[in-house]
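Chain by chain, the residues run as shown.
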Amino acid sequence: MSDRALFWGPTLIWASTWHVILYQLDSGVPVLNSVAWRFALAAVMLWVFALSRSDSMRLPLSAHVLMAATGIVQYSGNYWGVYEAERHISSGLVAVLFSLMVFGNALTGRIIFGQAVSRRFLLAASGGVVGVAMIFWPEIAATGARPTAALGLGLGLLAVLCACIGNVLTLTLTLRSLPLVPILSWSMGYGAVFLVGLSLSTGQGLHFDWHAPYVLSLLYLAVFGSVMAFVLYFKLMQRQGAARAALTGVVIPVIALLISALFEGWQPTLLAVSGMVVCLVSLFMANRR
């Protein structure tokens, strides 16, 4: 696949998951359970996909240590942090925090993998973060009125940190010439097991909703939001580097709000539209040769 397809594939998918996740949250199933079912199902599908490609699922013990760590931070801590953060701060502020991941990935890519990043790229990425902040400014401005905003901000930053660490661990494993699909399958499986254990240990138990909205949204999040999106995203990271792959976080809020306007009645403002333009211009500048 072309680099352009690898970029827009996960971008469009993850932008749509913002709306699909609402069906999970409205079900009454605890967040730990919903995320666990999502990645357990994705792990099984990746396992089948790997076998269909004749990829060996037998990986070294040292790789399993890193994959378990990846599962805990990337597919447990990251997603749990996002869901919990949105209980205390607006989703818009969470989107701004995740747009900052481009700098976290740039820093770790430079220090750990020696991936150079130009000043023009960092300037364009900064413009993208400003654009995201413009889009969600009304929500951000109202955050101070929430009594637990500081807790939500901390959880959001923790989720971003977990995502950056998870990216580093996955890329480290692929640089050992290990196949990507088995790596993702094992990592998501370990993450699901960790979430199930956490749910049982905290007394939340195991719950499921067999109604169509929950089941169909779970399938979408597993098949598209987990299997397809992460495979494409890490392929993009292998080719373009961690920083450029993280530019997806600048464009996702723009597309997600367009979807929200279609299905949830979101009304765009002049500031929001201006922010969208800034995001797209920044993306164009960051990807110029």
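Report on the accompanying structure. (Residues numbered from 1 in each chain as written. Predicted model: local features only at pLDDT ≥ 70, side-chain atom pairs only at ≥ 80, totals over all residues. Heavy atoms only, no water.)

**Topic: the packing of aromatic side chains**
Let me state the cut-off plainly: Geometry of aromatic contacts follows a simple scheme: Phe, Tyr and Trp rings, the Trp one being its six-membered ring, pair when their centres are within 6.5 Å, and the pair is stacked under 30 degrees between planes, edge-to-face over 60, tilted otherwise. Partly exposed residues are those whose accessible area sits between 20% and 50% of the maximum for their type, while under 20% is buried and over 50% is exposed, using a 1.4 Å probe and protein chains only. Placement of a charge over a ring requires the Lys NZ or Arg CZ to be within 6 Å of the ring centre, with the centre-to-atom vector within 35 degrees of the ring normal.
A full pass over the atoms with the stated rule returns 13 aromatic pairs. Centroid distance F7 to W8: 5.2 Å. Interplanar angle 85°. Geometry classified as edge-to-face. Between the aromatic rings of F208 and W210, the centroid separation amounts to 4.5 Å while the plane-to-plane angle is 55°, which identifies the pairing as tilted. A relative accessible area of 31% places F208 in the partly exposed class. You can call W210 exposed: its relative accessible area is 73%. Following the ring pairs from residue to residue traces out a cluster consisting of W14, F39, Y75, Y79, F230, Y233 and F234. If you follow R53 out to its NZ or CZ, it ends over the ring of F49, 5.3 Å from the centre.

**Section: the nonpolar core**
Our working rule: Only buried residues count toward a nonpolar core. Its members are Ala, Val, Leu, Ile, Met, Phe, Trp, Tyr and Cys residues joined through side-chain atoms within 4.5 Å. Here a helix means four or more residues in a row that DSSP labels H or I, a strand means two or more in a row labelled E, and each is numbered from the N terminus. Contacts are assigned to residue pairs with any non-hydrogen atoms lying within 4.5 Å of each other.
Membership of the largest hydrophobic core comes to 76 residues, with the highest contact counts inside it found for F39, L184, M188, F230, F234 and L247. A per-element tally of this core places helix α10 (residues 212–240) first, with 10 residues. Setting aside chain neighbours within four positions, we find F230 in contact with W14, F39, Q74, Y75, Y79, L184, M188 and G225. The next biggest cluster of nonpolar side chains, apart from the first, holds 10 residues, and it includes L59, M67, C162 and L169.

**A closer look at helix α9 (residues 180–201)**
Every α-helix carries 3.6 residues per turn, so stepping three or four residues along brings you back to the same face. Convention followed: To estimate the expected span of a helix, subtract one from its residue number and multiply by 1.5 Å.
The end-to-end C-alpha separation of α9 is 32 Å, in line with the 32 Å expected for 22 residues at 1.5 Å each. With its phi angle positive at about 80°, G203 sits one or two positions after the end of α9.

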